[in-house]
Amino acid sequence: MLINRNLIKVLFIASWFFFVPSVWANGLPDADRDAVPDKDEMEIYYTDPYNADTDGDSYSDFDEINTGFSPHNPAAVKLIDSDLDMDGLSDAWEIKFKSNPTKADSDGDGFNDGEEVEAGFDPVKGDGYKLDVSLNINLAKQTLDYLLNGFVWRSFPVSTGKASTPTPRGTFVVLNKIDRAWSRTYGLWMPYWLGLSSPGIGIHELPVWPSGYREGENHLGTPVSHGCIRLGLDSAAYIYAHTERGAKVIIY
Ligand SMILES: [Ca+2]
Ligand SMILES: [Ca+2]
Ligand SMILES: [Ca+2]
Ligand SMILES: [Ca+2]
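This is a predicted model, so every value here is computed, not measured. (Residues numbered from 1 in each chain as written. Chains lettered and ligands numbered in written order. Predicted model: local features only at pLDDT ≥ 70, side-chain atom pairs only at ≥ 80, totals over all residues. Heavy atoms only, no water.)

S.K.: Describe the side chain of serine 82, naming the residues involved and giving the relevant values.
M.R.: Residue placement: serine 82 occurs in the loop between α3 (61-66) and α4 (91-97). Of the residues examined, serine 82 reaches a relative accessible area of 6% and is grouped as buried. Here the side chain of serine 82 touches aspartate 91 through a polar contact of 2.6 Å, side chain to side chain. With near-sequence residues (within four places) excluded, serine 82 lies in contact with Ser70, Val77, Ser90 and Asp91. (Helix = DSSP H or I, 4+ residues; strand = E, 2+ residues; numbered from the N terminus. Buried < 20%, exposed > 50% of the residue type's maximum accessible area, 1.4 Å probe, protein only. Polar contact = N/O pair within 3.5 Å; in protein donor to acceptor, adjacent residues only side chain to side chain. Contact = heavy atoms within 4.5 Å.)

See the structure below:
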């Protein structure tokens, strides 16, 4: 009788561990009830899933993350200005790439997250796995955006086609790369040529005449080309080095 009563007591206590009301955020377990699911705290933000205010500054992890502040720093430091692990990638970008903001080399491949992203590699996957590179060209703004996994990493001024020779709008891919292409039509060099899947249209550095004269250095930001997308000196070399054949190019 006594044993049975104790057994019932034990079962009653044990039941608490199984039937305590669960705490959820967006349908996922949230141990510290800060509205950031445990999974996200562990895999994206690297905050403490058992402490609603990881850095103890009286602002919850949820509030800090959603207002763009670092949940790891008690000072009012923005995620974009914070680089906790000093790997060259801000905490804001670490969230976008799901890399570890508290570890310089997330995937342990010997390269820091910052240098991997700058070179177009995925900081989480290791083994030379590349991020998805694409280019967006805004004709109205005369800009070219270089995107990594759909996020704008760099933006440069361009000069696209003038009204009589407009740059075509649409979705294209990079078909070929030529260090220094020659235009037979116009008799000039087009350094760092990225040929698009639109006949005769490419992205390249400001063109150079055989005399050495470089055309249109003051034209970036103004549509004066024959249809191609002209980039400045440093930006053309950068885009050429970071963009492979097959990359998607959207012109709008
Ligand atoms: Ca939480
Ligand atoms: Ca906090
Ligand atoms: Ca990192
Ligand atoms: Ca790495």
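S.K.: Can you lay out the coordination of the calcium ion (ligand 1) for me, pointing to particular residues and giving the numbers?
M.R.: Protein coordination of the calcium ion (ligand 1) is provided by Asp30 (OD), Asp32 (OD), Asp34 (OD), Val36 (O) and Glu41 (OE), with donor distances spanning 2.1 to 2.3 Å. Read from N- to C-terminus, the donor residues coordinating the calcium ion (ligand 1) fall into the pattern D-x1-D-x1-D-x1-V-x4-E. On the basis of relative accessibility, which here comes to 6%, the residue aspartate 34 falls in the buried class. (Donors = N, O, S within 2.8 Å, 3.2 Å for Na, K, Ca; no water.)

S.K.: So what's going on with the coordination of the calcium ion (ligand 2)? Residues and values would help.
M.R.: Taken together, Asp53 (OD), Asp55 (OD), Asp57 (OD), Tyr59 (O) and Glu64 (OE) make up the full set of protein donors to the calcium ion (ligand 2), lying 2.2 to 2.3 Å away. Mapping the donors of the calcium ion (ligand 2) onto the primary sequence gives the spacing D-x1-D-x1-D-x1-Y-x4-E. When its relative accessible area of 12% is taken as the criterion, aspartate 55 is described as buried.

S.K.: Which residues make up the nonpolar core, and what values go with them?
M.R.: Side chains of nonpolar character tend, in soluble globular proteins, to be buried together. One finds Leu144, Trp153, Leu196, Ile203, Ile229 and Ile239 to be the most contacted residues of the largest nonpolar core, which totals 30 residues. Per-element accounting of this core gives the leading share, 4 residues, to helix α6 (residues 233-242). Setting aside chain neighbours within four positions, we find leucine 196 in contact with Phe172, Val173, Val174, Leu175, Ile201, Gly202, Ile203, Ile229, Val249 and Ile251. Of all hydrophobic cores here, the second largest spans 5 residues; its members include Ala181, Leu188, Met190 and Trp193. (Core = buried A, V, L, I, M, F, W, Y, C linked by side-chain atoms within 4.5 Å.)

S.K.: I'd like to hear about the pattern of salt bridges, residue by residue, with values.
M.R.: Counting across every chain of the model gives 4 salt bridges. The shortest N-O distance in the salt bridge between glutamate 43 and lysine 39 comes to 3.1 Å. Of this pair, glutamate 43 and lysine 39 both sit in helix α2 (residues 38-45), 4 residues apart, which is roughly one turn of that helix. One salt bridge in this structure joins arginine 154 and glutamate 118, with 2.9 Å as the shortest N-O distance. Residue arginine 154 is located in strand β5 (residues 151-159), and its partner glutamate 118 is located in helix α5 (residues 113-118); the two are separated by 36 residues in the primary sequence. For arginine 154, a relative accessible area of 32% corresponds to the partly exposed category. (Salt bridge = Lys/Arg side-chain N within 4 Å of Asp/Glu carboxyl O.)

S.K.: Can you break down the packing of aromatic side chains residue by residue, with the values?
M.R.: Using the criterion set out here, one finds 8 aromatic pairs in the structure. Pairing tryptophan 93 with phenylalanine 97 gives two aromatic rings, centres 5.5 Å apart and planes at 25°, and the pair type is stacked. Of this pair, tryptophan 93 and phenylalanine 97 both sit in helix α4, 4 residues apart, roughly one helical turn. Aromatic pair phenylalanine 97 and phenylalanine 151: ring centres 6.4 Å apart, planes at 85°, arrangement edge-to-face. Highlighted residues: phenylalanine 97 in helix α4 and phenylalanine 151 in strand β5, separated in sequence by 54 residues. Lying over the aromatic face of tryptophan 93, lysine 96 brings its terminal NZ or CZ to 4.5 Å of the ring centre. Positioned above the aromatic ring of tyrosine 240, the side-chain terminus of lysine 177 is 4.6 Å from the ring centre. (Phe/Tyr/Trp six-rings, centres within 6.5 Å; stacked < 30°, edge-to-face > 60°. Lys NZ or Arg CZ within 6 Å of the ring centre and 35° of its normal.)

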